[in-house]
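# Structural description and commentary
Read off the chains here:
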Amino acid sequence: MGTGQPPRIHLPSPSQKGSISLEEAIAQRRSVRDFTPEPISQSQLSQILWATQGITDTSLRLRAVPSAGATYPLEIFVVCGRNGIEQISEGIYHYNISHHSLTLHHEGDVRLDLARAALGEEMICQAPVDIIICALYERTTLHYGSRGERYVHIEVGHAGQNIYLQATALGLATVAIGALYDEQVREVLRLDKQYKPLYIMPVGKPARR
Ligand SMILES: Cc1cc2nc3c(=O)[nH]c(=O)nc-3n(C[C@H](O)[C@H](O)[C@H](O)COP(=O)(O)O)c2cc1C
(Lines give C-alpha, C1' and ligand atoms only; values in the text may rest on other atoms or scores of the structure.)
Protein backbone atom coordinates (compact mmCIF):
# COMPACT_ATOMS: atom_id res chain seq x y z
CA MET A 1 0.00 0.00 0.00
CA GLY A 2 1.08 3.58 0.46
CA THR A 3 0.77 4.25 -3.29
CA GLY A 4 -2.10 6.66 -2.79
CA GLN A 5 -4.26 4.52 -5.08
CA PRO A 6 -7.71 3.57 -3.79
CA PRO A 7 -8.02 -0.17 -3.09
CA ARG A 8 -9.35 -2.42 -5.81
CA ILE A 9 -12.07 -4.99 -5.26
CA HIS A 10 -11.54 -7.90 -7.62
CA LEU A 11 -14.84 -9.34 -8.75
CA PRO A 12 -15.46 -13.08 -9.14
CA SER A 13 -14.94 -14.35 -12.69
CA PRO A 14 -18.11 -14.11 -14.76
CA SER A 15 -19.75 -17.29 -15.96
CA GLN A 16 -20.82 -18.01 -19.51
CA LYS A 17 -23.48 -20.50 -18.48
CA GLY A 18 -26.88 -19.39 -17.31
CA SER A 19 -29.93 -21.10 -15.89
CA ILE A 20 -32.34 -19.81 -18.56
CA SER A 21 -32.00 -19.50 -22.32
CA LEU A 22 -31.46 -16.22 -24.13
CA GLU A 23 -34.95 -16.58 -25.58
CA GLU A 24 -36.43 -16.99 -22.10
CA ALA A 25 -34.53 -13.93 -20.86
CA ILE A 26 -35.87 -11.86 -23.76
CA ALA A 27 -39.41 -13.11 -23.15
CA GLN A 28 -39.26 -12.49 -19.39
CA ARG A 29 -37.48 -9.11 -19.48
CA ARG A 30 -39.60 -6.33 -17.98
CA SER A 31 -38.93 -2.92 -16.48
CA VAL A 32 -39.34 -3.37 -12.73
CA ARG A 33 -39.74 -0.44 -10.35
CA ASP A 34 -40.23 -2.23 -7.04
CA PHE A 35 -37.34 -4.03 -5.37
CA THR A 36 -36.75 -5.93 -2.13
CA PRO A 37 -33.93 -4.53 0.06
CA GLU A 38 -32.02 -7.84 -0.16
CA PRO A 39 -28.36 -7.40 -1.14
CA ILE A 40 -27.11 -8.80 -4.41
CA SER A 41 -24.04 -11.04 -4.37
CA GLN A 42 -20.63 -10.13 -5.74
CA SER A 43 -21.07 -12.87 -8.35
CA GLN A 44 -24.33 -11.31 -9.52
CA LEU A 45 -22.74 -7.87 -9.75
CA SER A 46 -19.75 -9.34 -11.56
CA GLN A 47 -22.05 -10.95 -14.10
CA ILE A 48 -24.02 -7.75 -14.70
CA LEU A 49 -20.91 -5.59 -15.13
CA TRP A 50 -19.40 -8.16 -17.48
CA ALA A 51 -22.56 -8.06 -19.58
CA THR A 52 -22.45 -4.24 -19.57
CA GLN A 53 -18.84 -3.69 -20.68
CA GLY A 54 -16.78 -6.78 -19.86
CA ILE A 55 -13.96 -7.88 -22.13
CA THR A 56 -15.00 -10.86 -24.23
CA ASP A 57 -12.02 -10.97 -26.61
CA THR A 58 -8.81 -10.64 -24.67
CA SER A 59 -6.50 -10.42 -27.69
CA LEU A 60 -8.36 -7.57 -29.42
CA ARG A 61 -9.77 -6.14 -26.16
CA LEU A 62 -13.30 -6.23 -27.53
CA ARG A 63 -16.25 -6.07 -25.17
CA ALA A 64 -19.66 -7.62 -24.55
CA VAL A 65 -21.35 -4.65 -26.22
CA PRO A 66 -20.62 -3.35 -29.74
CA SER A 67 -19.02 0.07 -30.10
CA ALA A 68 -18.61 2.30 -33.17
CA GLY A 69 -15.00 1.85 -34.26
CA ALA A 70 -14.34 0.14 -30.91
CA THR A 71 -13.96 3.62 -29.42
CA TYR A 72 -15.74 2.57 -26.18
CA PRO A 73 -17.06 5.88 -24.83
CA LEU A 74 -18.92 4.39 -21.84
CA GLU A 75 -17.80 4.47 -18.22
CA ILE A 76 -19.71 2.54 -15.58
CA PHE A 77 -20.27 3.56 -11.97
CA VAL A 78 -21.91 1.48 -9.27
CA VAL A 79 -23.75 3.08 -6.38
CA CYS A 80 -23.87 0.52 -3.62
CA GLY A 81 -26.38 1.18 -0.85
CA ARG A 82 -25.95 0.12 2.77
CA ASN A 83 -25.89 -3.71 2.64
CA GLY A 84 -26.44 -3.42 -1.09
CA ILE A 85 -23.78 -5.88 -2.21
CA GLU A 86 -22.57 -8.73 -0.03
CA GLN A 87 -19.31 -7.80 1.69
CA ILE A 88 -18.93 -4.47 -0.08
CA SER A 89 -19.45 -1.29 1.88
CA GLU A 90 -21.72 1.50 0.75
CA GLY A 91 -20.16 3.89 -1.72
CA ILE A 92 -19.67 4.97 -5.29
CA TYR A 93 -17.46 2.61 -7.27
CA HIS A 94 -15.94 2.79 -10.72
CA TYR A 95 -15.93 -0.37 -12.82
CA ASN A 96 -12.41 -1.04 -13.97
CA ILE A 97 -13.01 -2.90 -17.23
CA SER A 98 -9.45 -4.15 -17.83
CA HIS A 99 -9.18 -5.75 -14.41
CA HIS A 100 -12.86 -6.62 -13.95
CA SER A 101 -12.68 -4.90 -10.60
CA LEU A 102 -14.21 -2.04 -8.66
CA THR A 103 -12.34 1.01 -7.44
CA LEU A 104 -13.82 3.01 -4.60
CA HIS A 105 -14.56 6.50 -5.90
CA HIS A 106 -16.33 7.87 -2.84
CA GLU A 107 -17.65 6.42 0.43
CA GLY A 108 -21.24 6.59 1.64
CA ASP A 109 -24.76 5.66 0.59
CA VAL A 110 -25.78 8.31 -1.96
CA ARG A 111 -28.92 6.59 -3.27
CA LEU A 112 -31.29 9.20 -1.87
CA ASP A 113 -29.30 12.06 -3.40
CA LEU A 114 -29.14 10.15 -6.66
CA ALA A 115 -32.91 9.65 -6.62
CA ARG A 116 -33.39 13.41 -6.06
CA ALA A 117 -31.15 14.05 -9.05
CA ALA A 118 -33.41 11.84 -11.14
CA LEU A 119 -36.79 13.46 -10.59
CA GLY A 120 -37.25 11.60 -7.31
CA GLU A 121 -37.48 8.18 -8.95
CA GLU A 122 -38.12 6.15 -5.78
CA MET A 123 -36.76 2.88 -7.10
CA ILE A 124 -33.27 4.40 -7.19
CA CYS A 125 -33.12 4.53 -3.39
CA GLN A 126 -35.13 1.33 -2.95
CA ALA A 127 -32.88 -0.93 -5.04
CA PRO A 128 -29.73 -2.20 -3.28
CA VAL A 129 -27.57 -1.11 -6.21
CA ASP A 130 -27.73 1.46 -8.99
CA ILE A 131 -25.63 1.24 -12.12
CA ILE A 132 -24.91 4.53 -13.83
CA ILE A 133 -23.78 4.51 -17.42
CA CYS A 134 -21.86 7.66 -18.35
CA ALA A 135 -20.34 8.65 -21.66
CA LEU A 136 -17.15 10.42 -22.58
CA TYR A 137 -18.34 11.61 -25.99
CA GLU A 138 -14.93 12.74 -27.21
CA ARG A 139 -13.67 9.20 -27.49
CA THR A 140 -16.17 8.66 -30.29
CA THR A 141 -16.63 12.19 -31.72
CA LEU A 142 -12.86 12.51 -32.27
CA HIS A 143 -13.25 9.78 -34.90
CA TYR A 144 -16.72 10.49 -36.24
CA GLY A 145 -17.38 14.17 -35.61
CA SER A 146 -20.88 15.12 -34.48
CA ARG A 147 -22.26 11.84 -35.85
CA GLY A 148 -20.33 10.19 -33.02
CA GLU A 149 -22.94 11.54 -30.58
CA ARG A 150 -25.55 9.41 -32.29
CA TYR A 151 -23.26 6.40 -32.01
CA VAL A 152 -22.78 6.96 -28.27
CA HIS A 153 -26.54 7.04 -27.75
CA ILE A 154 -27.00 3.87 -29.74
CA GLU A 155 -24.25 2.20 -27.74
CA VAL A 156 -25.75 3.00 -24.37
CA GLY A 157 -28.88 1.20 -25.56
CA HIS A 158 -26.85 -1.93 -26.24
CA ALA A 159 -25.31 -1.77 -22.77
CA GLY A 160 -28.67 -1.13 -21.12
CA GLN A 161 -30.28 -4.07 -22.89
CA ASN A 162 -27.49 -6.36 -21.75
CA ILE A 163 -28.08 -5.25 -18.16
CA TYR A 164 -31.79 -6.00 -18.55
CA LEU A 165 -31.17 -9.46 -19.99
CA GLN A 166 -28.41 -10.44 -17.59
CA ALA A 167 -30.44 -9.26 -14.59
CA THR A 168 -33.43 -11.27 -15.82
CA ALA A 169 -31.28 -14.39 -16.30
CA LEU A 170 -30.06 -14.04 -12.69
CA GLY A 171 -33.58 -13.70 -11.27
CA LEU A 172 -32.95 -9.99 -10.69
CA ALA A 173 -34.54 -7.01 -12.39
CA THR A 174 -33.86 -3.45 -13.49
CA VAL A 175 -35.35 -0.42 -15.20
CA ALA A 176 -33.60 1.99 -17.55
CA ILE A 177 -34.00 5.52 -16.22
CA GLY A 178 -33.28 8.33 -18.64
CA ALA A 179 -35.14 11.04 -16.72
CA LEU A 180 -32.32 12.66 -14.81
CA TYR A 181 -30.65 16.03 -14.28
CA ASP A 182 -27.18 15.65 -15.77
CA GLU A 183 -25.51 18.27 -13.59
CA GLN A 184 -27.04 17.01 -10.35
CA VAL A 185 -26.17 13.39 -11.09
CA ARG A 186 -22.62 14.47 -11.84
CA GLU A 187 -22.46 16.32 -8.53
CA VAL A 188 -23.80 13.36 -6.54
CA LEU A 189 -21.29 11.06 -8.22
CA ARG A 190 -18.48 13.63 -7.95
CA LEU A 191 -17.64 13.41 -11.61
CA ASP A 192 -15.86 15.87 -13.87
CA LYS A 193 -17.78 17.84 -16.47
CA GLN A 194 -16.82 15.64 -19.41
CA TYR A 195 -18.79 12.71 -17.95
CA LYS A 196 -22.34 12.69 -19.28
CA PRO A 197 -24.70 10.43 -17.32
CA LEU A 198 -27.08 8.72 -19.73
CA TYR A 199 -28.79 5.94 -17.81
CA ILE A 200 -29.38 5.07 -14.17
CA MET A 201 -30.31 1.41 -13.81
CA PRO A 202 -31.39 0.26 -10.34
CA VAL A 203 -30.75 -3.47 -9.89
CA GLY A 204 -32.17 -5.79 -7.29
CA LYS A 205 -34.55 -8.59 -6.57
CA PRO A 206 -38.01 -7.78 -7.92
CA ALA A 207 -40.56 -7.28 -5.14
CA ARG A 208 -43.19 -8.94 -7.30
CA ARG A 209 -43.33 -10.44 -10.75
C1 LIG B 1 -34.47 5.64 -23.38
C2 LIG B 1 -35.38 5.13 -22.28
C3 LIG B 1 -35.61 5.94 -21.17
C4 LIG B 1 -36.42 5.47 -20.13
N5 LIG B 1 -36.58 6.25 -19.01
C6 LIG B 1 -37.33 5.81 -18.00
C7 LIG B 1 -37.49 6.61 -16.83
O8 LIG B 1 -36.92 7.69 -16.71
N9 LIG B 1 -38.25 6.11 -15.82
C10 LIG B 1 -38.86 4.88 -15.91
O11 LIG B 1 -39.52 4.50 -14.96
N12 LIG B 1 -38.74 4.11 -17.01
C13 LIG B 1 -37.99 4.53 -18.06
N14 LIG B 1 -37.83 3.74 -19.17
C15 LIG B 1 -38.43 2.40 -19.22
C16 LIG B 1 -39.71 2.38 -20.09
O17 LIG B 1 -40.74 3.07 -19.41
C18 LIG B 1 -40.12 0.92 -20.36
O19 LIG B 1 -39.11 0.31 -21.12
C20 LIG B 1 -41.44 0.85 -21.11
O21 LIG B 1 -42.51 1.25 -20.27
C22 LIG B 1 -41.74 -0.55 -21.64
O23 LIG B 1 -41.80 -1.49 -20.58
P24 LIG B 1 -40.83 -2.77 -20.53
O25 LIG B 1 -39.41 -2.26 -20.46
O26 LIG B 1 -41.23 -3.52 -19.28
O27 LIG B 1 -41.05 -3.58 -21.77
C28 LIG B 1 -37.02 4.17 -20.21
C29 LIG B 1 -36.77 3.38 -21.34
C30 LIG B 1 -35.96 3.84 -22.35
C31 LIG B 1 -35.69 2.94 -23.55
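The notes below deal with the structure included here. Only a predicted model underlies this, so the values are computations on that prediction, with no experimental measurement involved. (Residues numbered from 1 in each chain as written. Predicted model: local features only at pLDDT ≥ 70, side-chain atom pairs only at ≥ 80, totals over all residues. Heavy atoms only, no water.)

Before going further, it helps to examine the overall build of the chain. Scanning the chain for helices and strands turns up 7 helices and 9 strands. For 209 residues, the compact-globule estimate of 2.2 N^0.38 gives 17 Å, and the chain sits close to it at 16 Å. Along the three orthogonal principal directions, the C-alpha set of the chain runs to about 45 × 40 × 40 Å. Burial statistics for the chain: of 209 residues in total, 47% are counted as buried. Surface exposure of the chain reaches about 10,500 Å², of which carbon and sulfur atoms provide 48%. Here the chain carries 20 positive and 21 negative side-chain charges, and the mean point of each set is 4 Å from the other. (Helix = DSSP H or I, 4+ residues; strand = E, 2+ residues; numbered from the N terminus. Rg over C-alpha atoms; globule rule 2.2 N^0.38 Å. Buried < 20%, exposed > 50% of the residue type's maximum accessible area, 1.4 Å probe, protein only. Areas by Shrake-Rupley, 256 points an atom, 1.4 Å probe, with all protein chains shown as cover. Lys, Arg positive; Asp, Glu negative; His and termini not counted. Charge placed at Lys NZ, Arg CZ, Asp CG, Glu CD.)

As a further point, take the site of the ligand. Taken together, the neighbourhood of the ligand is formed by Arg29, Arg30, Ser31, Arg33, Glu121, Met123, Val175, Ala176, Ile177, Gly178, Ala179 and Tyr199. Arg30 has a polar side-chain atom sitting 2.7 Å from an oxygen atom of the ligand. For the ligand, whose unbound accessible area comes to 620 Å², protein coverage reaches 54%. Counted by class, the shell around the ligand contains 6 nonpolar, 2 polar and 4 charged residues. (Near = heavy atom within 4 Å. Polar contact = N/O pair within 3.5 Å; in protein donor to acceptor, adjacent residues only side chain to side chain. Nonpolar A, V, L, I, M, F, W, Y, C, P; charged D, E, K, R; others polar.)

Time to look at the sheet that holds strand E6 (residues 101–107). Two orientations exist for strands paired in a sheet by backbone hydrogen bonds: parallel and antiparallel. Pairing is antiparallel in the open sheet, where 7 strands are placed in the order E1-E6-E5-E4-E7-E9-E8. The open sheet has two free edges, formed respectively by strand E1 (8–10) and strand E8 (173–174), since each of these has just one partner strand. Seen against the sheet, helix H2 (residues 42–53) touches E1, strand E4 (74–80), strand E5 (91–96), E6, strand E7 (129–135) and strand E9 (196–204) and runs at an angle of roughly 160 degrees to E4. Contacting E4, E7, E8 and E9, helix H6 (residues 147–169) runs over the sheet at an angle of about 5 degrees to E9. (Pairing = 2+ DSSP bridges. Contact = heavy atoms within 4.5 Å. Axes fitted to C-alpha atoms, helices over the stretch in contact; angles between N-to-C directions.)

This paragraph deals with the pairing of E6. Two elements, E1 and E6, share 3 bridges in a ladder whose sense is antiparallel. Its bridge partner being in E6, His10 is matched across the sheet by Ser101. Bridge analysis of E5 against E6 gives 6 bridges, and the strand direction is antiparallel. Bridge pairing links Ile92 to His106 in E6.

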